[in-house]
Structures are given as structure tokens and as C-alpha cells.
Amino acid sequence: MIDGKTIAQTVRARAAERAQKLAEMGIVPGLAVILVGEDPASQIYVRNKSRAAKKVGVQSQTIVMPVETTEAEVLAIVAQLNEDAAVDAILVQSPLPKHIDEEKVQEAILPSKDVDGFHPENIGRLFANRAGYYPIANTPRGVMTLLDATQQTLHGKQAIVIGRSILVGRPMFSLLERANMTVTLAHRHTPRAELRRLTQQADVVVVATGVPGLITGDDLKEGATVIDVGINRLADGSLVGDVDFASAEPKAAFITPVPGGVGPMTIATLMQTTVELAAVNHGVELD
Ligand SMILES: Nc1nc(=O)c2c([nH]1)NC[C@@H]1CN(c3ccc(C(=O)N[C@@H](CCC(=O)O)C(=O)O)cc3)C=[N+]21
Ligand SMILES: [Mg+2]
């Protein structure tokens, strides 16, 4: 079992150390989170983010806006945060209400404050495998930290990513390819039988679809590493991933639980990225 909570704690502690170093130079990393509407899951994540920020020494502010907020109003807040020297990192919680063009909002955030790594300029840098520092989406980046903690060789092995979102699948594909894996990107149009054939070959399976129980033990190769990015709340209030844990766990060499796997890692990585942006934006070199 890959213990996301413990690994997240290690990442947070390291971010706290670096934030402390910056504070000694008079730089307090600043994170601004914009939440539009009252989606209950989003409220939980945003609360978790501000809690983590407090622990790490990141100055965080959450801007809560009503569901009827216009796109222009969101863009105006983003513009204001772009100008605010105390703000190093801007995150607009997804999903936004349907009347707001999410891509337009993502593109309005300064690439140098784009803590989610969703701006096309940052995505382009990642996809093109450019050198130098730029923010990378926190969920897939956190997944790489989890894989690193398993201390296995990725180089030359096979990976499959299921789901092609900007939040997870696309950047995940790039990061695994960068680790010199052979990567397949599957999605809703991949025929079911084809998907099973592909997952049965894979050494690393990353599932990010929002379909509970999509992947079972029968879909896996013996000894696979299984990363479950899904978070699905069932009618009884329980939280499950996209992987049927009970059947997958006996076949997997490593597997992440839900909750307590990728979720806490995403938040810890967000703190890591915020501290890095503060350093880069103030021209400070961190070790
Ligand atoms: N701009 C933007 N950036 C994001 O990174 C982003 C987003 N929008 N929208 C939604 C997704 C999802 N996400 C999660 C964060 C924390 C947990 C988390 O803390 N999960 C806990 C459980 C939380 C619970 O009880 O519901 C766990 O898995 O153990 C989950 C999911 C960030 N996302
Ligand atoms: Mg500051």
C-alpha cells in the first residue's frame, strides 16, 4: 500500500522548511484560491488547502464568490491577483459554473503565478519537455512523487494513463514519458476489451476517470503499480476510487488507497509548487 498521507507529510515538511528560509529573507509565499459556487466537494478541498497552507507557512486567502458570479467578475479578480505582489500563486477551483468559460479564466492567470500549471504556456513547456522551472499540475506531479517513493525503476517500463483531462491525464502522460516510460493514453473511446488488453500489459496503471470500479484485479498484470486518482462519493456517503480495491490489491505490488492516497499528495504538492513560485518570482535560488 502506498501511504499517501505519510508521503504527503514529508513533502509538506520540506515545503515548510523552504518557506521558513524564504521568510528569513522577508518573503512570505502567498496563495490565492478562488472558489465560485457551493459545490460541497470543492468546499472540502479548498478547506484542506487552507489548512495545509497554515501548517507550511504559506499565506493563503480564499475568495468565495456566489454561483451567479459572471465571467467578467472572475476575470477582474484574477487581474487584480496578477497585480498583487503578495500573491505568488493563483488557483481557480475547478469546476466553474457552466456559464463561465474555464479555459478563458485559466489563460487569464499569469503563467508565473499559475500554480495549477493549466495555462497553455506551461502545458506547452511540459509537453515540449522544456528545461527550466515552470509549474506542473499538482495531481500528476504528486503521483510522480508517490511512484518515486516505491523506489522502482520506471525507465523502459510500460505505463497506461486512463483519462485525458487537463487536470490529470494529459500532464500525467508527459511526466511518465519524461521518466522514460512507454506511455499509452486511454480514454472513453478506447473499447473496453482493448482497454483490458492494454492494462494487462502495463507495469504502471494510472486511473483518472471518475468511474467507480472501472479497473478490477482481472484488468491488471501481476505485480503492477496501481495509482487511483478517482474520488467518487457514493450514495451512502462513502468515498471510493476508480479502482476496485478489493480485487486489485492482491494482484498489485503497489496500490494507492482512496481516501489517503493521491488526494493528500495533491494538496502537499500544491504547497510545494506555491513555495517554488514564491522563490522563482523573487529571484531566490532554493537548494
Ligand atoms: N484548479 C483546481 N486544481 C486542483 O488541483 C483541483 C481542482 N481545481 N478541482 C478538483 C480537483 C480534485 N482535487 C483534490 C484535492 C484534494 C483531495 C483530497 O484531499 N482528498 C482526500 C479526501 C477528501 C474528502 O474527504 O473528500 C483523500 O483522498 O484522502 C481530493 C481531490 C484537486 N483538484
Ligand atoms: Mg509574498
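Residues numbered from 1 in each chain as written. Chains lettered and ligands numbered in written order. Predicted model: local features only at pLDDT ≥ 70, side-chain atom pairs only at ≥ 80, totals over all residues.

The name an unreviewed UniProt entry gives the protein is Bifunctional protein FolD, with Weissella soli as the organism. In its Subunit (unreviewed entry) section, the UniProt record describing the protein reads: "Homodimer." UniProt, in its Function (unreviewed entry) section for the protein, records the words "Catalyzes the oxidation of 5,10-methylenetetrahydrofolate to 5,10-methenyltetrahydrofolate and then the hydrolysis of 5,10-methenyltetrahydrofolate to 10-formyltetrahydrofolate." (UniProt positions renumbered as here; feature names shortened; annotations may be inferred.)

Novice: For this particular structure, what's the right way to read the site of ligand 1?
Specialist: Lining the immediate environment of ligand 1, one finds 19 residues, of which Tyr-45, Ser-94, Pro-259, Gly-263 and Thr-266 sit closest. Listed by contribution, the elements that provide at least two residues to the shell around ligand 1 are helix H2 (40–56), strand S3 (89–92), helix H6 (138–149) and helix H10 (262–281). Here the element with the most residues in the shell around ligand 1 is H10; it accounts for four residues. Looking at the shell around ligand 1 residue by residue, the class counts come to ten nonpolar, eight polar and one charged. In this structure, the shell around ligand 1 is formed jointly by two domains, domain 1 (24–110) and domain 2 (138–263), each of which donates at least three residues. (Near = placed C-beta within 6 Å. Helix = DSSP H or I, 4+ residues; strand = E, 2+ residues; numbered from the N terminus. Nonpolar A, V, L, I, M, F, W, Y, C, P; charged D, E, K, R; others polar. Domains from an automatic or database assignment.)

Novice: How should the UniProt feature "binding site: NADP(+)" (unreviewed entry) in the protein be read in this particular structure?
Specialist: Sequence positions flagged by UniProt for "binding site: NADP(+)" (unreviewed entry) are, in local numbering, Gly-163, Arg-164, Ser-165 and Ile-231. Along the chain, the position of Gly-163 falls in the loop between strand S4 (158–162) and helix H7 (169–178). Inspection of the secondary structure assignment puts Ser-165 in the loop between S4 and H7. For Ser-165, the residues in contact, after removing those within four places along its chain, are Arg-170 and Ala-208. (Contact = placed C-beta atoms within 7 Å.)

Novice: Is there a simple way to think about the pairing of strand S5 (residues 182–186) in this case?
Specialist: Looking at chain direction, S4 and S5 are connected through five bridges and run parallel. Bridged to Ile-160 within S5 is Thr-184. Each parallel crossover has a hand, and for S4 linked through H7 to S5 it is right-handed. (Pairing = 2+ DSSP bridges. Right-handed = clockwise from strand over helix to strand, strands pointing away.)

Novice: What am I meant to see in the environment of Leu-176 here?
Specialist: By secondary structure assignment, the location of Leu-176 is in helix H7. Along the sequence, Leu-176 and Arg-141 sit 35 residues apart, while their C-alpha atoms lie 9.9 Å from each other. Leaving out residues up to four positions away in the same chain, Leu-176 has contacts with Ala-159, Val-161, Met-181 and Val-183.

Novice: What exactly am I supposed to notice about the domain arrangement of the protein here?
Specialist: Think of interface size as the accessible area that goes away when the parts come together; that is how it is often given. Here the domain parsing of the protein yields domain 1 (24–110) and domain 2 (138–263). One C-alpha centre belongs to domain 1, the other to domain 2, and the line joining them spans 28 Å.

Novice: For this particular structure, what's the right way to read the environment of Met-25?
Specialist: Position of Met-25 among the secondary structure elements: in the loop between helix H1 (4–24) and strand S1 (30–36). Under the C-beta neighbour-count criterion, Met-25 is labelled exposed, with 10 such atoms within 10 Å. Separated by 259 residues in the primary sequence, Met-25 and Val-284 place their C-alpha atoms 9.3 Å from one another. (Buried ≥ 20, exposed ≤ 12 C-beta atoms within 10 Å, placed from the backbone.)

Novice: What should I look at first to understand the packing of H1 against H10 in this one?
Specialist: The relative placement of two packed helices is expressed as an angle between their axes plus a distance between the axes. Packing of H1 against H10 leaves a shortest axis separation of 8 Å and a crossing angle of 15 degrees. Judged by the angle between their axes, H1 and H10 are roughly parallel. Crossing hand, H1 versus H10: left-handed. On H10, the residues that touch Gly-4, Lys-5, Ile-7, Ala-8, Val-11, Arg-12, Ala-15, Arg-18, Ala-19 and Leu-22 of H1 are Val-262, Gly-263, Pro-264, Met-265, Ile-267, Ala-268, Thr-269, Met-271, Gln-272, Val-275, Ala-278 and Ala-279. (Axes fitted to C-alpha atoms, helices over the stretch in contact; angles between N-to-C directions. Parallel < 35°, antiparallel > 145°, perpendicular 65-115°, else oblique. Left-handed = near helix turned anticlockwise from the far one by under 90°.)

Novice: Honestly, the sheet that holds strand S2 (residues 59–65) in this entry has me stumped. Any pointers?
Specialist: Adjacent strands of a sheet form backbone hydrogen bonds with each other and so pair up, either parallel or antiparallel. What the three strands build is an open sheet, ordered S2-S1-S3; its pairing is parallel. Edge positions in the sheet fall to S2 and S3, since each of these pairs with one other strand and no more. Strand-to-strand, the axes of this sheet are offset by a mean angle of 15 degrees, without reference to chain direction. Strands S1, S2 and S3 of the sheet are contacted by helix H3 (residues 71–83), whose axis makes an angle of about 175 degrees with S1.

Novice: I tried to follow the nonpolar core on my own but got confused; where do I start?
Specialist: Side chains that are nonpolar tend, in soluble globular proteins, to be buried together. Counting residues in hydrophobic clusters, the biggest one holds 80 residues, and the most contacted among them are Val-205 and Val-206. For this core, the element with the highest residue contribution is H10, accounting for ten residues. Residues from two domains meet in this core; each of domain 1 (24–110) and domain 2 (138–263) gives at least three. When near neighbours in sequence (up to four residues on either side) are disregarded, Val-206 contacts Val-143, Ala-159, Val-161, Ile-162, Met-172, Ile-227 and Val-229. (Core = buried A, V, L, I, M, F, W, Y, C linked by C-beta atoms within 7 Å.)

Novice: Please explain unusual backbone geometry as it appears in this structure.
Specialist: Residues other than glycine predominantly adopt negative phi, and peptide bonds predominantly adopt the trans conformation. For the bond from Ser-94 to Pro-95, the omega torsion is 5 degrees, close enough to zero to count as cis. Along the chain, Val-258 connects to Pro-259 via a cis peptide bond; the corresponding omega equals -5 degrees. Structurally, the position occupied by Pro-259 is in the loop between strand S10 (252–255) and H10. A positive phi is found at Gln-151, a non-glycine position, where the angle reads about 55 degrees. Here the phi dihedral of Asn-180 falls at roughly 65 degrees; this positive angle occurs in a residue that is not glycine. Within the secondary structure, Asn-180 sits in the loop between H7 and S5.

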